[in-house]
Amino acid sequence: MKLFCFDIDGTLMPFGDYEIPQEEKEALQALLDNGHAIALASGRPFVSLQHHLLAFNGKRKYYICANGAAVYNHRGEVIKETSLTSEDLLYLQRYTKEDVNIYAYEGRGGIVSYKIDRWIEDEMDYNLIQRKDIVLLKKGEPIVGHNQLLKIMLAGPEETMKDLNFSEEDKAKYEWNWSAPTYLELLQKGSTKGQRVEDLRQHLGVAIEDVYCFGDQGNDISMVSRFNGIAMGNAIQPLKDVAKYVTLSAKEHGVVHALKNILKVI
């Protein structure tokens, strides 16, 4: 058995799409049918990954959520999970501006936020989060009952995000991931996609040489560099530099191309 781990946005499907293309669905189903395991490794919450994984038949399918905060089996049972706290959310408010929001993923799909703006609306849109699952807080007030936060997000326009000034102490305190120029994600130190893939590899008893990871952005570097890494044609250059292979872009069905013509596993 081999383990195949896939980022979603910009990897399995082009940015802006809402569903995994049929060609990719058929390729991943072929992996499952051949006795392999697959994992969706994304910054998305559990509820969003569940929507996509339900399209596949088989039990060897896994969720690596919130950029490595948690990994679950096909039933949603925890294999490994780490979290931040409400104190971290209060502490990191220092980096917000008028057009930069701060919010957090909670548990299996809820969001804790101080306001509903374009960034929260995008989360609801792309990640299938319902309005009832948005917990609105008042800035500066104690946060009660929301102490298990998988990740904290800072979101804003690209130019504003570039100008945010982070202290060296805070850079060392958290795991920092730029999932896009407009999104900065903070997790508990050591919580990365690469570490959660390793946790899953050990859980399944798969050899290191039989693990393959596909990605396109900076938050994929930890898994692409650690295992057999495949960078998408549309990937950032630092990811391509650490990948073992480079395939076509997401728009050109690069995952399918790699599985069929580079790795020759389907």
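Note that this is a predicted model, so its numbers are computed, not measured.

Peer 1: Just to check I follow, could you spell out helix α4 (residues 118-127) for this structure?
Peer 2: The α-helix advances 3.6 residues per turn, and as a result positions three or four apart in sequence lie on the same side. Within α4, the full set of buried residues consists of Trp 119, Ile 120, Glu 123 and Asn 127. All buried residues of α4 project into a common sector of 100 degrees when viewed along the axis, lining one side. Contacts from the buried residues of α4 go to α2 (46-53), β6 (101-106), β7 (110-113), β8 (134-136), β9 (149-155) and β11 (183-188). The opening residue of α4, the one whose side-chain oxygen lies 3.1 Å from the backbone nitrogen of Trp 119, is Asp 117. One or two residues past the end of α4 sits Leu 128, with phi positive at roughly 60 degrees.

Peer 1: Even after reading the chapter, I still don't get the side chain of Glu 175, so can you show me in this structure?
Peer 2: Topologically, Glu 175 is positioned in strand β10 (residues 174-180). For the buried Glu 175, which has no salt bridge, the nearest side chain bearing the opposite charge is Lys 189, at an N-O separation of 4.6 Å. Of the polar contacts made by the side chain of Glu 175, one reaches the backbone nitrogen of Gly 190; its length is 2.8 Å. When residues no more than four places from it in sequence are discounted, the contact partners of Glu 175 are Glu 185, Leu 186, Leu 187, Gln 188, Lys 189, Gly 190, Ser 191 and Thr 192.

Basis of the calculations
Residues numbered from 1 in each chain as written. Predicted model: local features only at pLDDT ≥ 70, side-chain atom pairs only at ≥ 80, totals over all residues. Heavy atoms only, no water. Buried < 20%, exposed > 50% of the residue type's maximum accessible area, 1.4 Å probe, protein only. Helix = DSSP H or I, 4+ residues; strand = E, 2+ residues; numbered from the N terminus. Arc of directions from axis to C-beta. Contact = heavy atoms within 4.5 Å. Polar contact = N/O pair within 3.5 Å; in protein donor to acceptor, adjacent residues only side chain to side chain. Lys, Arg positive; Asp, Glu negative; His and termini not counted. Salt bridge = Lys/Arg side-chain N within 4 Å of Asp/Glu carboxyl O.

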